[in-house]
Amino acid sequence: MVYQLIQPSRLLVVSHQGEDELEQYLHGAGFDVTTVPLSDAHHACSGNYNLVLVVVGSAADLSATDAASACHLPVIVLLDQYDTILMQAAIQYRVSDCLVRSQLDTFTLRRIAHHMGNGLQVVRQMLDHTVDGMIIVSEDGRILFANQTAAEMFNRRYHELESESLGIPVVLGESSEIDILHSKEELRTVEMRVGTINWMGEAAYLASLRDITPHKRLQQALQEAEAFGRAILNSLQTTIAVVDEHGTIVNVNNSWIRFARENGDPDLKATGIGVNYFDVIRKSNEHDYSRGSKVLAGMMSVLNGETHSFEMKYPCHSPTEDRWFMMRVTPLEGEGRRGLVISHIDITVQHIATRLEAHQFWDDERQQQRGRDMEAFTAFADTIRLNSENEIFETLVQRYGKLLDLALEERAFKVNHDISGEARAIAEFMGRQTAGPRDVIRMHLRTMSVKQRKATTPVKEKAYLDEGRLLVLEIMGYLTSFYRDMILADIELHNT
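Residue numbers run consecutively from 1 along every chain, following the written order of its sequence. Restriction of local features to residues with pLDDT of at least 70 applies here, the model being predicted, together with a cutoff of 80 or more for giving and counting side-chain atom pairs; totals for whole chains, interfaces and linings are based on all residues. Hydrogen atoms and water are omitted, and side-chain values are computed over all heavy atoms in the structure.

Undergrad: I keep staring at the overall build of the protein chain and nothing clicks. Help me out?
TA: We count a stretch as a helix when DSSP gives it H or I for four or more residues in a row; a strand needs E for two or more, and each element gets its number in order from the N terminus. Along the protein chain, the regular secondary structure elements total 18 helices and 15 strands. Accessibility here uses a 1.4 Å probe with only protein chains present; expressed as a share of the type maximum, an area under 20% marks a residue as buried, one over 50% as exposed, and anything in between as partly exposed. A burial count over the protein chain gives 39% of its 496 residues as buried. Only heavy atoms matter for contacts: two residues are in contact if any of them lie within 4.5 Å across the pair. Within the protein chain, contacts between residues separated by at least 24 positions form 49% of all contacts whose residues are at least 6 apart in sequence. If you sum the accessible surface of the protein chain, you get close to 29,100 Å²; carbon and sulfur atoms cover 52% of it. All accessible areas in this document rest on Shrake-Rupley with a 1.4 Å probe, and a residue is counted as covered only by the protein chains that are shown.

Undergrad: Whenever I open this one, the layout of surface pockets confuses me. Can you help?
TA: Over the atoms a probe the size of a water molecule is rolled, and this reveals where empty space is left. Taken as a whole, the largest pocket encloses approximately 860 Å³ of empty space. The wall of the largest pocket is formed by 27 residues, among which Y277, V280, S284, Y314 and H344 lie closest to the centre. Of all elements in the fold, only α10 (254-262), α11 (277-284), α12 (289-303), β13 (310-315) and β14 (324-331) reach the threshold of two or more residues within the lining of the largest pocket. Here the lining of the largest pocket gets five residues from one element, more than from any other, and that element is α11. Lys, Arg, Asp and Glu make up the charged group, whereas Ala, Val, Leu, Ile, Met, Phe, Trp, Tyr, Cys and Pro make up the nonpolar group; the residues left over, Gly among them, are polar. Grouping the constituent residues of the lining of the largest pocket by class yields 14 nonpolar, eight polar and five charged. Whether a set of points on the 1 Å grid over the protein atoms alone is a cavity depends on a 1.4 Å probe fitting there but being unable to get out, while an open set qualifies as a pocket with protein on both sides within 12 Å along at least five of seven lines; lining residues are those with an atom within 4 Å of a point. Grid points are joined across faces, edges and corners, and a volume is the space filled by probe spheres set on the points.

Undergrad: Explain the sheet that holds strand β2 (residues 32-37) to me, please; I cannot follow it from the model alone.
TA: Hydrogen bonds between backbone atoms are what pair the strands of a sheet, whose relative direction is either parallel or antiparallel. Read across the open sheet, the five strands follow the order β2-β1-β3-β4-β5; overall the sheet is parallel. The sheet terminates laterally at β2 and β5 (97-100), the two strands that pair on one side only. With strand direction ignored, the average angle separating the axes of adjacent strands in the sheet is 25 degrees. In this fold helix α1 (residues 20-28) packs onto β1 (10-15), β2, β3 (51-56) and β4 (75-79), with an angle of close to 160 degrees to the strand it touches most, β2. This element, helix α4 (residues 84-92), spans β3, β4 and β5 of the sheet and lies at about 165 degrees to β4. DSSP-based pairing: two strands are paired if at least 2 bridges between them are found. Lines fitted to C-alpha atoms define the axes, with helix axes restricted to the stretch in contact, and inter-axis angles between N-to-C directions lie between 0 and 180 degrees.

Undergrad: I would appreciate a short explanation of the pattern of salt bridges in the present structure.
TA: Two side chains bearing opposite charge may form a pair once their charged atoms approach each other closely. Only one rule defines a salt bridge in this text: a Lys or Arg side-chain nitrogen within 4 Å of an Asp or Glu carboxyl oxygen. Applying the stated rule across the entire model yields 17 salt bridges. Measuring nitrogen to oxygen at the nearest pair gives 2.3 Å for the salt bridge that ties R442 to D439. With a gap of three residues between them, R442 and D439 both fall in helix α17 (residues 437-454), about one helical turn apart. A relative accessible area of 11% places R442 in the buried class. Note on D439: relative accessible area 24%, which makes it partly exposed. Among the charged side chains, a salt-bridge network with shared partners connects R411, K462, D466, E467 and R469.

Undergrad: Would you take a moment to explain the packing of aromatic side chains for this structure?
TA: Given two aromatic rings, their pairing is described by the distance between the two centres and the angle made by the two planes. Centres within 6.5 Å make a pair out of two Phe, Tyr or Trp rings, where for Trp the six-membered ring is used; the pair is then stacked when the planes are under 30 degrees apart, edge-to-face when over 60, and tilted otherwise. In this structure the tally under the stated criterion is four aromatic pairs. When the centroid spacing of 5.5 Å and the interplanar angle of 75 degrees are considered together, the rings of F259 and F325 count as edge-to-face. You can see F259 sitting in helix α10 and its partner F325 sitting in strand β14, a full 66 residues away along the chain. Ring centres of Y314 and F325 lie 6.0 Å apart, and the angle between their planes is 20 degrees; this geometry places the pair in the stacked category. With a gap of eleven residues between them, Y314 in strand β13 and F325 in strand β14 connect regions that are remote in the sequence. Each member of the pair, Y314 as well as F325, carries the same accessibility label: buried. Linked through ring pairs, F259, Y314 and F325 together constitute an aromatic cluster.

Undergrad: Even after reading the chapter, I still don't get the side chain of R323, so can you show me in this structure?
TA: Its location among the elements puts R323 in the loop between β13 and β14. Among the residues examined, R323 registers a relative accessible area of 9% and is labelled buried. Counted as a polar contact is a pair of N or O atoms within 3.5 Å, where, for protein atoms, one must be capable of donating a hydrogen and the other of accepting one, and residues adjacent in sequence contribute only when both atoms are in side chains. Only 3.1 Å separates the side chain of R323 from the side chain of N263, close enough to count as a polar contact. Within the structure, the side chain of R323 is placed 2.8 Å from the backbone oxygen of C316, a separation counted as a polar contact. Residues within four places of R323 in sequence aside, it is in contact with F259, N263, Y314, P315, C316, H317, S318 and T348.

Undergrad: Explanation requested: α4 in the structure shown.
TA: Since there are 3.6 residues in each turn of an α-helix, residues three or four apart along the chain are aligned in direction. Along α4, the positions that sit buried rather than exposed are L86, M87, A89, A90 and I91. With a side-chain oxygen lying 3.1 Å from the backbone nitrogen of I85, the N-terminal cap of α4 falls on D83.

Undergrad: Sorry, what's going on with the sheet that holds strand β11 (residues 239-244) here?
TA: Strand order in the open sheet made by the five strands is β12-β11-β15-β14-β13, with antiparallel pairing throughout. With one partner strand each, in any of the chains shown, β12 (249-252) and β13 form the two edges of the open sheet. Within the sheet, the average angular offset between the axes of one strand and its neighbour, ignoring direction, is 20 degrees. Note that β11 and strand β15 (residues 339-346) share six bridges and pair antiparallel. Looking at the pairing, V243 lines up with L340 of β15. Strands β11, β12, β14 and β15 of the sheet are contacted by α10, whose axis makes an angle of about 105 degrees with β11. Contacting β11, β12, β14 and β15, α11 runs over the sheet at an angle of about 55 degrees to β15.

Listed below in structure tokens is the structure:
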């Protein structure tokens, strides 16, 4: 809505470009408007005008306000959009007001024109709407002016601050942090930036104050959380390192540092923060390709989210003792961050204890198995003797013996044989001979007695026992399936 002024006022518009639309608006509001370019401002301001409106696009355009001030004319700065820096710069030129084009209205212009003598109040009204605290300080440190935001920071009224000493060194052109006692129990941290200003004809400082207390509290809480987390990390005896997605070590605990220094890396040049752990593993491939490749592949699978974790046991012997460790790799949890947490756990005691326990267990098991096998062999001795000359039975014993050898070879040398296929073939052959479970046991016991006599070491003897137990169960299962399929086929045949 446009309001008509009762008495026309002469208004000079100074702009770096044409302002046809602005002229029409002001004419419609009852102003007698004259528009001149910035270059003609000094000459035009000597005319008979009530008010000068300077359209400012940059700080350089503010120089036009000097001409109006020299002619004792009230000046309004008009900005195309809200700009705190330009508003602060306008204060130094002692303008009556600073408006954004979208806020321009006739009542504002008329009030400035009619109350041009009250410039300080206009400045206060303008600065009280800024987010930052604003204070003007004399060269001897006295507060000459404070806006409402600054007064609230000090927990005072602005007129109580004015004329008091700031009590804080003013550093021109630099940003500094100061602590302000807001109340008896609350201390606030404020960021202060200082510039120069001409205030009431005297040189002074213009300081903007921004309350950064919430940011500092958050920063302090983060630092305390990080310190607490690091204290927990350092209290662990496990050696731990954290690497980023590129493999660079970004954090280690004290156990990691201590282990590195005690094992050939006193300056942490190969295992300290900043070192690429992936490169360390790649370099280790020169000495142990299979282990290094496996570790690197495991780490990549965790990093890419293909697996939840990766573990690997490995020996790491020193000149004075044998040691075994467990490497465990887990993903680094945290939004927006990818990385790995790598820990090396000393499992030497557990490893040795497990080996001793396993040896004792298998010694006992081997003795018990020998007893069970001998009892079973004795129970079927008569039947076996009756069938010992059977050519088909001997063929089965030979096939089963070869299958046991293939199973041991697959286990020892990590090669692939079709063990299950041959076991199924033996079962089907026995099924066609109408053999039963007792015949499977006869074949197993005969073969095991031969293998145990030929076994050169207890380890190999135990391996035959282990693989034999699995194979005899597998052949039993296939033989059962063979007879079940025959029965089902027979039923189907009779039904048709």
